[in-house]
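Below, each chain spelled out in residue letters.
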Amino acid sequence: MDEADLNGVLETLCGRWGGVAVSLWQNRRFLYAALAALVGLWLGLSWVLRQKLLSGAEAPQEEAKKSMVGTGEEDAGPRLHVKIFYGSQTGTAKGFAADLCEELKAQGFDSEVLDMKGYDPDDRLAGESSSRVVCVFLLATYTDGCPTENAAWFCKWLEETSTDFRYSSTHLKGLRYAVFGLGNSVYEGHYNTVGKNVDKWLWALSASRILPRGEGDCNVVKSRRGSVQADFAAWKTRLLNRLQEIGHGEKQPCDCRNGSCKNKHAGATPIERHQSGEEPVGCSSSDEDEGVEQPSVMDMEDLGSMMGRARRNKQDEASGTAETSEEERREMITPALRDALSKQGYKLIGSHSGVKLCRWTKAMLRGRGGCYKHTFYGIESHRCMETTPSLACANKCVFCWRHHTNPVGTEWRWKMDQPDMILQEAVEKHRNLIRQFRGVPGVRADRFDEALHVKHCALSLVGEPIMYPDINRFLRLLHQRHISSFLVTNAQFPEEIRTLVPVTQLYVSVDASTRDSLRRIDRPLFKDFWRRFLDSLQALGDKKQRTVYRLTLVKSWNVDELKAYADLIALGQPDFIEVKGVTYCGDSSASNLTMANVPWHQEVIHFVQQLSDLLPDYDIASEHEHSNCLLLAHHKFKVDGEWWTWIDYERFHVLAQRYEDSGGAATFSSLDYVAKTPGWAVFGAQERGFDPSDTRFQRKSKKDISGC
């Protein structure tokens, strides 16, 4: 084909295709409509196919809902099975568990309470990963941030499992849970440690938290709602609402599968999230402002202002600049505490004080002997009022005879009652208790009449009386009424000891002689407890009136520290040293003390004799066998070979009044109001400290209580 033929063919083709192009351009609107119709058809078919796939995936979930909720009217309520685990030392968490169980049953849930002591998590916990089961953990934090005794093994297993490579990071996947911790914010370094840890360990094993962790605070000052009971009640309401939602098949608000989850740990393994030390978004503890709905999206300006408020609040809390008026302060005695103390026989006064009748007051009313203070110092036990202006204490001693039902604290943060009101009500309530003995067989009429007129006040009922901010005015009011004062302090408030007005007799409890044993026995709240302890002993040595070290012997705890005790005595130079075997007050969930820790009276005598050998300025002066107690006295109270450990109470009141009238210039010393100790009260007498004017009573079915 030559060049001319090729050109002809090209011209023919161009003519034909040019006509087609022109035709398409002229009819382009029809082409666009056809193309749009095809695209719409394709989108419609895609949507139909997607809906079929989604409905097929949701069918098992609908079946699960029907199995939980039911299909008939009789099965309309939720069918979840809620297992409530408790770790409790004093019974509070156990009581909360029982209360929650009853309320769950009333709302139609299946529920049961489980003591963690009898639960084997290795065999059973993974089996709780069921669509019908929710586990609720109510956990108290015990000494030094440790779990309670019944929860110790569960917590140990859970901690080890959460970091053990032999267990899958999804070992508890499917387990739904909620945690409520019970603690006391006074223990700053250990507040609600157990609840936080269990929450963290469960989450690290891929368990699903259904509700933010709740935290109950026994410190009424900082508790969000005023008491641990109120904190739990608020959290319980939120839990019940959440369980109702789950029981009716509510979907979870976050689905990480669609890639929309903003949790930066969504793609990480549970172990990696655990090691990061962070919790998932939306699953923080109950530090959140409950009841205030937070926006899901926040502007940067809002975020900045919110962080500024949080920073200011934290600074105010740390510096204590957030002032609260007396009207805004909370009462020390919560309703639950009031009930507990009232059941123990306390007559509560105002918002932080109490009075109770001592058993020795009852005994002396019936002529059955007085307490060791009667033998050592000559008080009339039937005329002694045992009270306190502060139920709070800075220690949680293992031998606390009140079983730790009283509040604790390191400073006064509560509402304060006036001392004149406290004293007036204390005397009146004490008299009312005495009046109950009118006509009781064996009560001596003369002592009954005398007992209605209080002569002595033992400020040792419970708590730390010296914490009361107006303690000096309270003491002055006592002395103005010619009521002697026996004040006991736990050696944690040295400055208060220094500023204390003259007291008839000032006690310091010396329960241990080394730092470690004091921590173990007294379980103090202050971090610098040992420095405070030594400083308090030095402050006691500067007092001019009668001072006493009170040593409580606990067998296997503090009876082997003789040299250390001698060093502490040299530091404070007390006038007297009372050494008493610990009194066993029955089983207490807050202490592991048993009768095996109670020394026999002969063991106490042996200890005191050994201690006396290390103290050249002291000797054994008196003994009270049936209180398991001995008295070491300084040699200055031994005049011409006779002991003068008793007190001339009228002389003391004269000297105290003179001191007040002179504005503190007319000082006086412990030797200015002494009285001679009777022969029957001296160590070595055949009476062993029992007043021969009374009749010793022996129980018919006598039990060995080692002199208590």
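Each value, and the rule that gives it
- Residue positions are given per chain, counting from 1 as you read along its sequence in written order.
- Where totals are concerned, whole chains, interfaces and linings use all residues; where local detail is concerned, this predicted model gives features only for residues with pLDDT of at least 70, and gives and counts side-chain atom pairs only at 80 or more.
- With hydrogens and water stripped out, all remaining heavy atoms of the structure feed into the side-chain values.
- Helix and strand definitions here come from DSSP, where helices need a minimum of 4 consecutive H or I residues and strands a minimum of 2 consecutive E residues; each element is numbered from the N-terminal end.
- Three labels apply to residues, based on accessible area from a 1.4 Å probe with only protein chains included: buried if under 20% of the type maximum, exposed if over 50%, partly exposed otherwise in between.
- By definition in these notes, contact holds between two residues if any of their heavy atoms fall within 4.5 Å.
- For the area figures, the Shrake-Rupley method with a 1.4 Å probe applies, and any residue is considered shielded solely by the protein chains shown.
- Here a patch means residues that are over 30% exposed by relative accessible area and free of salt bridges, tied together within 9 Å if like-charged and within 5 Å if nonpolar (Val, Leu, Ile, Met, Phe, Trp, Tyr).
- Each salt bridge in this description consists of a side-chain nitrogen of Lys or Arg and a carboxyl oxygen of Asp or Glu lying within 4 Å of one another.
- Note that a disulfide, as used here, is simply two cysteine sulfur atoms within 2.5 Å.
- Any N or O atom pair separated by 3.5 Å or less is treated as a polar contact, with the protein-specific requirement of one donor-capable and one acceptor-capable atom, and with residues adjacent in sequence counted only for side-chain atom pairs.
- The predictor attaches a confidence to each residue, called pLDDT, with possible values from 0 through 100.
- Residues belong to one nonpolar core when they are buried, are Ala, Val, Leu, Ile, Met, Phe, Trp, Tyr or Cys, and are joined through side-chain atoms within 4.5 Å.
- DSSP-based pairing: two strands are paired if at least 2 bridges between them are found.
- The axes are straight lines fitted to the C-alpha atoms, using for helices just the contacting stretch, and the angles between their N-to-C directions are given from 0 to 180°.
- By definition in this entry, angles of less than 35 degrees are roughly parallel, angles greater than 145 are roughly antiparallel, angles of 65 to 115 are roughly perpendicular, and the rest are oblique.
- Any residue outside Ala, Val, Leu, Ile, Met, Phe, Trp, Tyr, Cys, Pro, Asp, Glu, Lys and Arg is labelled polar, Gly included; the first ten of those are nonpolar and the last four are charged.
- In this analysis the probe radius is 1.4 Å and the grid spacing 1 Å, with only protein atoms considered; a cavity is a set of points the probe fits into but cannot get out of, a pocket is an open set with protein on both sides within 12 Å along at least five of seven lines, and lining residues have an atom within 4 Å of a point.
- Grid points are joined across faces, edges and corners, and a volume is the space filled by probe spheres set on the points.
- Whether two aromatic rings pair depends on their centres lying within 6.5 Å, for rings of Phe, Tyr and Trp, where Trp uses its six-membered ring; planes under 30 degrees apart make the pair stacked, over 60 edge-to-face, and the rest tilted.
- The crossover handedness rule: strands pointing away from the viewer, path from first strand over the helix to second strand clockwise, crossover right-handed.

Caption draft 1: Main features of the overall build of the chain. The number of helices and strands found in the chain is 21 helices and 20 strands. For the chain, with 708 residues in total, the buried portion stands at 47%. Considering only intrachain contacts with a sequence separation of at least 6, the fraction spanning at least 24 residues in the chain is 76%. Summing over all exposed atoms, the chain offers an accessible surface of approximately 35,100 Å²; the carbon and sulfur share of this is 52%.

Caption draft 2: Quick peek at a nonpolar patch on the surface. A cluster of nonpolar side chains, contributed by Leu 35, Val 39, Trp 42 and Leu 43, occupies part of the molecular surface with about 440 Å² of accessible area. When you line up the elements, Val 39 lands in helix H2 (residues 28-69). Overall, the relative accessible area of 42% leaves Val 39 in the partly exposed class.

Caption draft 3: Quick look at the state of the cysteines. Applying the stated rule across the entire model yields 0 disulfides. Free of any disulfide, Cys 371 has its nearest cysteine sulfur in Cys 358, 6.2 Å distant. Accessibility expressed as a relative area gives 10% for Cys 371, which makes it buried.

Caption draft 4: Summary view of the side chain of Ser 185. Along the chain, Ser 185 falls in the loop between strand S4 (176-183) and helix H6 (193-204). Polar contacts involving the side chain of Ser 185 include one to the side chain of Asp 217, which spans 2.7 Å. Within the structure, the side chain of Ser 185 is placed 3.2 Å from the side chain of Asn 219, a separation counted as a polar contact. The residues touching Ser 185, leaving out its near neighbours within four places in the chain, are Tyr 191, Asp 217, Asn 219 and Lys 222.

Caption draft 5: Focus on the confidence of the model for the chain. With 77% of its residues at a pLDDT of at least 70, the chain reaches an overall mean of 82. Averaged pLDDT values for the elements of the chain fall to 43 in helix H8 (residues 270-276) and rise to 98 in strand S19 (residues 646-647). This model gives residues 316-323 a pLDDT under 50, and the stretch forms 4 contacts once residues within four places in sequence are excluded.

Caption draft 6: Representation of the nonpolar core. Counting 75 residues, the largest nonpolar core has Leu 475, Val 510, Leu 551, Ile 577, Phe 607 and Leu 611 as its most contacted members. If you tally residues by element for this core, the top one is helix H18 (residues 529-541), at 6 residues. Setting aside its immediate chain neighbours within four residues, Leu 611 contacts Leu 551, Leu 562, Tyr 565, Ala 566, Ile 569 and Leu 632.

Caption draft 7: Molecular detail of the sheet that holds strand S13 (residues 547-553). On the basis of which strands lie adjacent, the open sheet formed by 10 strands has the order S7-S8-S9-S10-S11-S12-S13-S14-S16-S15 and mixed pairing. Only two strands of the sheet have a single partner each, and these edge strands are strand S7 (347-349) and strand S15 (618-624). Sheet twist, expressed as the mean angle between neighbouring strand axes with direction ignored, is 25°. With 4 bridges connecting them, strand S11 (residues 484-489) and strand S12 (residues 505-509) associate as parallel partners. Its bridge partner being in S12, Leu 487 is matched across the sheet by Leu 506. Across the sheet, helix H19 (residues 562-572) is in contact with S13, strand S14 (576-581) and S15; its angle to S13 comes to roughly 165°.

Caption draft 8: Inspection of the environment of Phe 85 at higher detail. With respect to the helices and strands, Phe 85 occurs in strand S1 (residues 81-87). Apart from the residues lying within four places of it in its own chain, the contact partners of Phe 85 are Leu 114, Met 116, Tyr 119, Cys 135, Val 136, Phe 137 and Leu 138.

Caption draft 9: Quick peek at the packing of H18 against H19. Two elements in contact, H18 and H19, have axes separated by 7 Å at closest approach and are oriented at 45°. When the axes of H18 and H19 are compared, the pair comes out oblique. Mapping the contact onto sequence places Phe 533, Leu 534, Leu 537, Gln 538, Leu 540 and Gly 541 in H18 and Leu 568, Leu 571 and Gly 572 in H19. Class assignment of the residues belonging to the contact of H18 with H19 gives a composition of 6 nonpolar, 3 polar and no charged.

Caption draft 10: Summary view of empty space enclosed by the protein. All chains considered together, the criterion is met by 2 cavities of 30 Å³ or more. Put simply, the second largest cavity is a space of about 40 Å³. In terms of lining, the second largest cavity is formed by Val 501, Pro 502, Val 503, Leu 506, Lys 543, Gln 545 and Arg 546. Considering only residue class, the lining of the second largest cavity consists of 4 nonpolar, 1 polar and 2 charged.

Caption draft 11: Quick look at the packing of aromatic side chains. Counted by the stated rule, this structure contains 25 aromatic pairs. Measuring from centroid to centroid gives 6.5 Å for Phe 486 and Tyr 649, while their planes differ by 50°, and the two rings are tilted. Note that Phe 486 is positioned in strand S11 and Tyr 649 in helix H21 (residues 649-661), a separation of 163 residues in sequence. You'll find Phe 486 and Tyr 649 in the same group, each marked buried. Cluster of aromatic residues (ring-pair linked, three or more members): Tyr 372, Phe 376, Tyr 377, Phe 486, Phe 576, Phe 637 and Tyr 649.

Caption draft 12: Representation of the environment of Leu 182 within the structure. Structurally, Leu 182 can be placed in strand S4. On the accessibility criterion, Leu 182 (5% relative accessible area) is buried. Remark: the alpha-carbon pair of Leu 182 and Ala 93, spanning 89 residues in sequence, is separated by 7.4 Å. Those residues in contact with Leu 182 that sit more than four places away from it in its chain are Thr 92, Ala 93, Phe 96, Leu 138, Leu 139, Ala 140, Thr 141, Asn 192, Gly 216 and Val 228.

Caption draft 13: Main features of the pattern of salt bridges. Evaluated as defined, the whole model comprises 30 salt bridges. In this structure, the salt-bridge partner of Arg 213 is Asp 199, at a minimum N-O distance of 2.8 Å. Taken together, the residues span a long stretch of sequence, with Arg 213 in the loop between strand S5 (208-209) and strand S6 (214-217) and Asp 199 in helix H6 at a distance of 14 residues. When sorted by exposure, Arg 213 lands in the same class as Asp 199, which is buried. The network of salt bridges with shared partners includes Asp 199, Arg 209, Arg 213 and Glu 215.

Caption draft 14: Inspection of the pairing of S11 at higher detail. Extensive coverage of S11 is indicated by the burial of 6 of its 6 residues. Across the two faces of S11 the burial is the same, with Ser 484, Phe 486 and Val 488 and Ser 485, Leu 487 and Thr 489 all buried. For strand S10 (residues 456-459) and S11, the ladder comprises 4 bridges, and the chain directions are parallel. Bridge pairing in S11 links Ala 458 to Phe 486. Chirality of the crossover, the property in question, places the unit of S10, helix H15 (residues 471-480) and S11 among those that are right-handed.

Caption draft 15: Looking closely at unusual backbone geometry. Phi is positive for Ala 491, which is not a glycine, with a value near 60°. Under the relative-accessibility criterion, Ala 491 is labelled buried at 0%. Positive phi, close to 55°, is recorded for Asp 640, a residue that is not glycine. For Asp 640, the position within the fold is in the loop between strand S17 (638-639) and strand S18 (642-643). Relative accessible area serves as the criterion here: at 76%, Asp 640 is assigned to the exposed category.

Caption draft 16: Region of interest: the side chain of Arg 242. Its place among the elements puts Arg 242 in helix H7 (residues 228-247). Overall, the relative accessible area of 10% leaves Arg 242 in the buried class.

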